[in-house]
Amino acid sequence: MARHRDEAIDKQLCQAIARTLWDIDPQVHPAHMIKHKAIRRYGNAATYKDDETIRSWIAEVDPLKGQRKAGRPPTVPYVLD
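Everything quoted here is computed from the prediction, not taken from an experiment.

**Remarks on the overall build of the protein chain**
Consideration 1: Tallying secondary structure elements over the protein chain gives four helices and zero strands in all.
Consideration 2: The linear arrangement of helices and strands in the protein chain, starting from the amino end, is α-α-α-α.
Consideration 3: Pairs at least 24 apart in sequence give 70% of the contacts found in the protein chain among residues at least 6 apart.
Consideration 4: For the protein chain, the exposed area adds up to about 5500 Å²; of that, 53% sits on carbon and sulfur atoms.

Written out as structure tokens, the structure is:
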């Protein structure tokens, strides 16, 4: 999928996909969310060299923002694959 000229569109796509996935499983850590195939493919995240950009976008809509501990995300089973 080609990257849009407008980064704002990619941001909206990534956030919309992340919200939908978090509706299914709110426990998914943002570090794992950025690796999800829907975010990578349909949110155009694969076209960005720096995962921090995508992480910051989806962190804005994280339902557990502020409740997560700093550091490496825990290894937990997710409903999503």
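**Quick look at unusual backbone geometry**
Consideration 1: One non-glycine residue, Asn44, lies in positive phi territory at about 65°.
Consideration 2: Take Asn44: it is sitting in the loop between helix H3 (37-42) and helix H4 (51-59).
Consideration 3: By relative accessible area, which is 1% here, Asn44 ends up buried.

**Description of the packing of helix H1 (residues 7-24) against H4**
Consideration 1: At a closest axis distance of 9 Å, the pairing of H1 and H4 adopts a crossing angle of 60°. On the basis of their axis angle, the class for H1 and H4 is oblique. In this structure, the crossing between H1 and H4 has a hand that is right-handed. In this structure, H1 uses Glu7, Asp10, Lys11, Cys14, Gln15, Ala18 and Trp22 to contact H4, whose residues at the interface are Ile54, Trp57 and Ile58.
Consideration 2: Residues belonging to the contact of H1 with H4 are distributed by class as follows: six nonpolar, one polar and three charged.

**Quick notes on the nonpolar core**
Consideration 1: Formed by 16 residues in total, the largest nonpolar core has its most connected members in Cys14, Ala18, Trp22, Met33, Ile39, Ile54 and Ile58.
Consideration 2: Elements represented by at least two residues in this core include exactly H1, H3 and H4.
Consideration 3: Those residues in contact with Trp22 that lie beyond four places of it in its chain are Val28, Pro30, Met33, Ile58, Val61, Asp62, Pro63 and Arg68.

**With respect to the side chain of Asp62**
Consideration 1: If you trace the backbone, Asp62 turns up in the segment after H4.
Consideration 2: Accessibility expressed as a relative area gives 9% for Asp62, which makes it buried.
Consideration 3: Once residues within four sequence positions are removed from consideration, Asp62 is found in contact with Trp22, Pro30 and Arg68.

About the criteria used
Residues numbered from 1 in each chain as written. Predicted model: local features only at pLDDT ≥ 70, side-chain atom pairs only at ≥ 80, totals over all residues. Heavy atoms only, no water. Helix = DSSP H or I, 4+ residues; strand = E, 2+ residues; numbered from the N terminus. Contact = heavy atoms within 4.5 Å. Areas by Shrake-Rupley, 256 points an atom, 1.4 Å probe, with all protein chains shown as cover. Buried < 20%, exposed > 50% of the residue type's maximum accessible area, 1.4 Å probe, protein only. Axes fitted to C-alpha atoms, helices over the stretch in contact; angles between N-to-C directions. Parallel < 35°, antiparallel > 145°, perpendicular 65-115°, else oblique. Left-handed = near helix turned anticlockwise from the far one by under 90°. Nonpolar A, V, L, I, M, F, W, Y, C, P; charged D, E, K, R; others polar. Core = buried A, V, L, I, M, F, W, Y, C linked by side-chain atoms within 4.5 Å.

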